[in-house]
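Chain by chain, the residues:
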Amino acid sequence: MASLPEVVDAADTPSDLITVVDEATVRFEVNSWRAKVLKRPGLLDRATRGTQDRINKVIPERVHAIITAGVEAMTKGILFGSDLIPARPMADGSLAVRELRARAKIKTYRTTASVEGGVAGAGGFVLAATDFPALMAIKVRMLGDVVGAYGWGGDTVRERLFLLHIFHLAFASAKRRPEALAELERWIAGVDQPEAITDYDWRRFQIEYRDYIDLAKLAQLIPVVGAPIGAVVNWRLVDRLGETAMMACRMRWLANG
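As a starting point, this report considers the structure included with it. (Residues numbered from 1 in each chain as written. Predicted model: local features only at pLDDT ≥ 70, side-chain atom pairs only at ≥ 80, totals over all residues. Heavy atoms only, no water.)

**Remarks on the overall build of the protein**
So, step 1. Per the secondary structure count, the protein includes nine helices and two strands.
So, step 2. When the elements of the protein are put in sequence order from the N terminus, they spell out β-β-α-α-α-α-α-α-α-α-α.
So, step 3. For the protein, the proportion of its 257 residues judged to be buried stands at 46%.
So, step 4. When contacts within the protein are restricted to residue pairs at least 6 apart in sequence, those whose partners lie at least 24 apart make up 81%.
So, step 5. With an accessible surface of roughly 12,400 Å², the protein has 58% of that area assigned to carbon and sulfur atoms. (Helix = DSSP H or I, 4+ residues; strand = E, 2+ residues; numbered from the N terminus. Buried < 20%, exposed > 50% of the residue type's maximum accessible area, 1.4 Å probe, protein only. Contact = heavy atoms within 4.5 Å. Areas by Shrake-Rupley, 256 points an atom, 1.4 Å probe, with all protein chains shown as cover.)

What follows is the structure, encoded as structure tokens:
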């Protein structure tokens, strides 16, 4: 499916969305990204966990309850919902054209998440806590649209597991990322796949997702500085998921080539 080098028409396209795609470049970027994912956890990763535990102790229990419920609802939305699946995945187009569309989707959702995070961050503990399910909804919809831009998606067990593997890899701990990447690669290769979507260990995924975002998002609850922190954190979380989704789709594209 990979094609010869191609430059997408840049007319009326923001400069940061202009892309040049060829198989050699894509493979190089995927390999560089894989090396980053497989990097061993450092001292900062280990220290972050201790800081996170201390911050968790000062956050009201009802805020934790809202966050936990939101993560569970988001996970079930990926597993069983229908609103995240694009009505019409992009049927035709080169890899370059598809990536241009995917980047545009990411940019739109990234901006929406940043605005939402800034507003929520200015509202104190409870309002900031409600940002969790709102941000999750934004990320799930973006994930469906990005995968749809590459021509995939649909209400099947296999396609839903693809989305879940991407989400898991994007927000897995440094220690768990190599395993999450291996699970994604097995999905792409069609090896050792669960027979039913309920066989997926979604509870582990749910816990790891919360652990990943807690430290950054809990800082959004701090008075005065919560608004700018919320805007930046939401931007980065959506951007991270977007990058992971594009790289996963590139891997799938190259594997099918």
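After presenting the structure, the write-up continues.
**Observations regarding the nonpolar core**
So, step 1. Judged by nonpolar contacts, the single largest core of 47 residues is most densely connected at Leu143, Val146, Val147, Tyr150, Phe162, Ile166 and Leu241.
So, step 2. Secondary structure elements with two or more residues in this core: helix H1 (23-37), helix H4 (95-121), helix H5 (124-149), helix H6 (157-171), helix H7 (177-189) and helix H9 (226-255).
So, step 3. Of all the elements, H9 adds the most residues to this core, at 12 residues. (Core = buried A, V, L, I, M, F, W, Y, C linked by side-chain atoms within 4.5 Å.)

**Describing the pattern of salt bridges**
So, step 1. In the structure shown here, the tally under the stated rule is nine salt bridges.
So, step 2. Residue Glu243 is joined to Lys36 by a salt bridge in which the shortest nitrogen-to-oxygen separation is 3.5 Å. In this pair, Glu243 sits in helix H9 while Lys36 sits in helix H1, placing the two residues 207 residues apart along the sequence.
So, step 3. The shortest N-O distance in the salt bridge between Glu99 and Arg103 comes to 4.0 Å. Note that Glu99 and Arg103 are positioned in helix H4 at a spacing of four residues, about one turn of the helix. (Salt bridge = Lys/Arg side-chain N within 4 Å of Asp/Glu carboxyl O.)

These values are about where atoms sit, not about what they do.
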